[in-house]
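So the chains spell out like this:
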Amino acid sequence: MKVVIFGASGFSGRAILKKALSQDYQVTILVRNRNSIPMKASNLIIVEGNVLDRNTVDEIIQNQDVVIQCLGIGGKGNGKQSTFISDATKIIVDEMEKSNVKRLVVMSNVGAGNSVAFQPWFFNKIILPYFMKWLKVIIDDKNRMEPVIMNSQLDWTIVRCPNIVDKPAKKK
Ligand SMILES: NC(=O)c1ccc[n+]([C@@H]2O[C@H](COP(=O)([O-])OP(=O)(O)OC[C@H]3O[C@@H](n4cnc5c(N)ncnc54)[C@H](OP(=O)(O)O)[C@@H]3O)[C@@H](O)[C@H]2O)c1
């Protein structure tokens, strides 16, 4: 299977890349700096570029089976509103639809879309807006991103992750 990963140099992207390579998938990644990827593998193609460059995205997804989007704004970001993730996702979705690449898996956050209802009220009303403003900014952009995916013709999965820790996987 041929897989493209956007965000492969990030905290979660590195784990996703390692897993994909271990499954013997043919993996292509787009990174801004190839030195951010220390590993080499015969089933890994590294392309240097920016995901906001539509032509690069178009080239990289040609003849691929699956696209994984685990882009981020550098952990917690700088606390300022950003449309980076939703803008990048729009480009990816557009180019996939044009090129007839159907399968898309995207990382989102718990708290986006209707998952807000699963959070305790004091988290939504007090902790998020007053004590975790950086996360609110990230969720705001996921709320712009998710409809772009849901309204597309793609075969998509949005994974709304909670906080991720770098420890061995549990069975659940
Ligand atoms: N980490 C968590 O605990 C957690 C929990 C829930 C949800 N999430 C969500 O999951 C996603 C991934 O999180 P993360 O913590 O792994 O993110 P991260 O460490 O911030 O990684 C961000 C990735 O996006 C890439 N990127 C940023 N701008 C780019 C651009 N213009 N062109 C190409 N690549 C670009 C970065 O590449 P560079 O190396 O070039 O910067 C990096 O590979 C995020 O959307 C986050 O909100 C994360």
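The residue count restarts for each chain, going from 1 along the sequence in the order it is written. In view of the model being predicted, local features appear only for residues whose pLDDT reaches at least 70, and side-chain atom pairs are presented and counted only at 80 or more, with totals across whole chains, interfaces and linings using the full set of residues. To obtain the side-chain values, all non-hydrogen atoms of the structure were included, while hydrogens and water were left out.

- In the annotation of an unreviewed UniProt entry, the entry for the chain reads NAD(P)-binding domain-containing protein, and the organism field reads Flavobacterium aurantiibacter.

1. Some words on the overall build of the chain
Part 1: Numbering goes from the N terminus for both helices and strands, where a helix is a DSSP run of H or I of at least four residues and a strand is a run of E of at least two. Looking only at helices and strands, the chain features 5 helices and 6 strands.
Part 2: Along the chain, from the amino end to the carboxyl end, the secondary structure elements read β-α-β-β-α-β-α-β-α-α-β.
Part 3: What you see for the chain is a C-alpha radius of gyration of 16 Å, in line with the 16 Å of a compact globule of 172 residues.
Part 4: Seen through its principal axes, the chain has C-alpha atoms that stretch 50 × 35 × 30 Å.
Part 5: The cut-offs for exposure are 20% and 50% of the maximum accessible area for each residue type, with area from a 1.4 Å probe on protein chains only; residues under the lower value are buried, those over the upper are exposed, and the others partly exposed. Counting the 172 residues in the chain, one finds 40% classified as buried.
Part 6: Looking at the chain alone, contacts between residues at least 24 apart form 65% of all its contacts between residues at least 6 apart.
Part 7: Within the structure as shown, the chain displays about 10300 Å² of accessible surface, and the carbon and sulfur contribution to it stands at 54%.
Part 8: In the chain, 24 side chains carry a positive charge and 15 a negative one; their mean positions are 11 Å apart. Throughout, the radius of gyration refers to the C-alpha atoms, and the reference size of a globule is 2.2 Å times the residue count to the power 0.38. Throughout, a contact is declared for two residues whenever any of their heavy atoms are within 4.5 Å. Under the convention used here, a 1.4 Å probe and the Shrake-Rupley method define accessible areas, while residue burial counts only the protein chains that appear. Positive charge is attributed to Lys and Arg, negative charge to Asp and Glu, and no charge count is given to His or to the chain ends. Taken as the charge location is NZ of Lys, CZ of Arg, CG of Asp or CD of Glu.

2. A look at the packing of helix 4 (residues 121-131) against helix 5 (residues 133-150)
Part 1: The geometry of helix 4 relative to helix 5 is characterised by a closest axis approach of 5 Å and an angle of 105 degrees between their N-to-C directions. Considering their axes alone, helix 4 and helix 5 lie roughly perpendicular with respect to each other. Contacts between helix 4 and helix 5 involve F123, L128, P129, Y130 and F131 from the first element and K133, L135, K136 and I139 from the second.
Part 2: Residues are sorted three ways: Asp, Glu, Lys and Arg are charged, Ala, Val, Leu, Ile, Met, Phe, Trp, Tyr, Cys and Pro are nonpolar, and all the rest, Gly among them, are polar. Counted by class, the contact of helix 4 with helix 5 contains 7 nonpolar, no polar and 2 charged residues. Under this scheme, a helix contributes an axis fitted over its contacting stretch, all axes are lines through C-alpha atoms, and angles between N-to-C directions fall in the 0 to 180 degree range. Just so you know how the angles are binned, under 35 degrees is roughly parallel, over 145 roughly antiparallel, 65 to 115 roughly perpendicular, and the rest oblique.

3. What to know about the sheet that holds strand 3 (residues 44-48)
Part 1: Reading across the sheet, the 6 strands line up as 3-2-1-4-5-6 and stay open at both edges, with parallel pairing between neighbours. The open sheet has two free edges, formed respectively by strand 3 and strand 6 (155-161), since each of these has just one partner strand. Pairs of neighbouring strands in the sheet enclose a mean axial angle of 20 degrees, with direction left out of account.
Part 2: When DSSP finds two or more bridges between two strands, those strands count as paired. By the bridge criterion, 4 bridges tie strand 1 (residues 2-6) to strand 4 (residues 66-69) in an arrangement that is parallel. Of the residues in strand 4, the one forming a bridge with I5 is I68.
Part 3: Sheet strands touched by helix 2 (residues 54-61): strand 1, strand 2 (26-31), strand 3 and strand 4. Its angle to strand 1, the strand with the most contacts, is close to 155 degrees.
Part 4: Against the sheet, helix 5 contacts strand 4, strand 5 (103-109) and strand 6, and its axis sits at roughly 155 degrees relative to strand 5.

4. A look at the site of the ligand
Part 1: Inspection of the region around the ligand gives 24 residues, with S9, S12, R32, L71 and K142 positioned closest.
Part 2: Any pair of nitrogen or oxygen atoms within 3.5 Å is treated as a polar contact; in protein, a donor-acceptor pairing is required on top of that, and neighbouring residues in sequence qualify only through side-chain atoms on both sides. At 2.6 Å from an oxygen atom of the ligand is found a side-chain nitrogen or oxygen belonging to K142.
Part 3: I164 is positioned such that a nitrogen or oxygen atom in its backbone is 2.8 Å from an oxygen atom of the ligand.
Part 4: In isolation the ligand has 900 Å² of accessible area, and contact with the protein removes 85% of it.
Part 5: Elements that contribute at least two residues to the shell around the ligand include exactly helix 1 (11-22), strand 5 and helix 5. Each residue is tested against the molecule or strand, and it is near if at least one of its non-hydrogen atoms lies within 4 Å.

5. Quick word on the pattern of salt bridges
Oppositely charged side chains are able to pair whenever their charged atoms sit close together.
Part 1: Counted as salt bridges are all cases of a side-chain nitrogen of Lys or Arg within 4 Å of a carboxyl oxygen of Asp or Glu. Counted by the stated rule, this structure contains 8 salt bridges.
Part 2: The salt bridge partner of D94 is K90, with a shortest N-O separation of 3.2 Å. Of this pair, D94 and K90 both sit in helix 3 (residues 84-99), 4 residues apart, roughly one helical turn.
Part 3: Using a relative accessible area of 39% as the deciding quantity, one classes K90 as partly exposed.
Part 4: The closest approach of N and O atoms between R103 and D155, which form a salt bridge, is 3.7 Å. Placement of R103 in strand 5 and of D155 in strand 6 is noted, with a sequence separation of 52 residues between them.
Part 5: Note on R103: relative accessible area 26%, which makes it partly exposed.
Part 6: Here the residues in one salt-bridge network are R54, K90, D94, E95 and K98, joined through shared partners.

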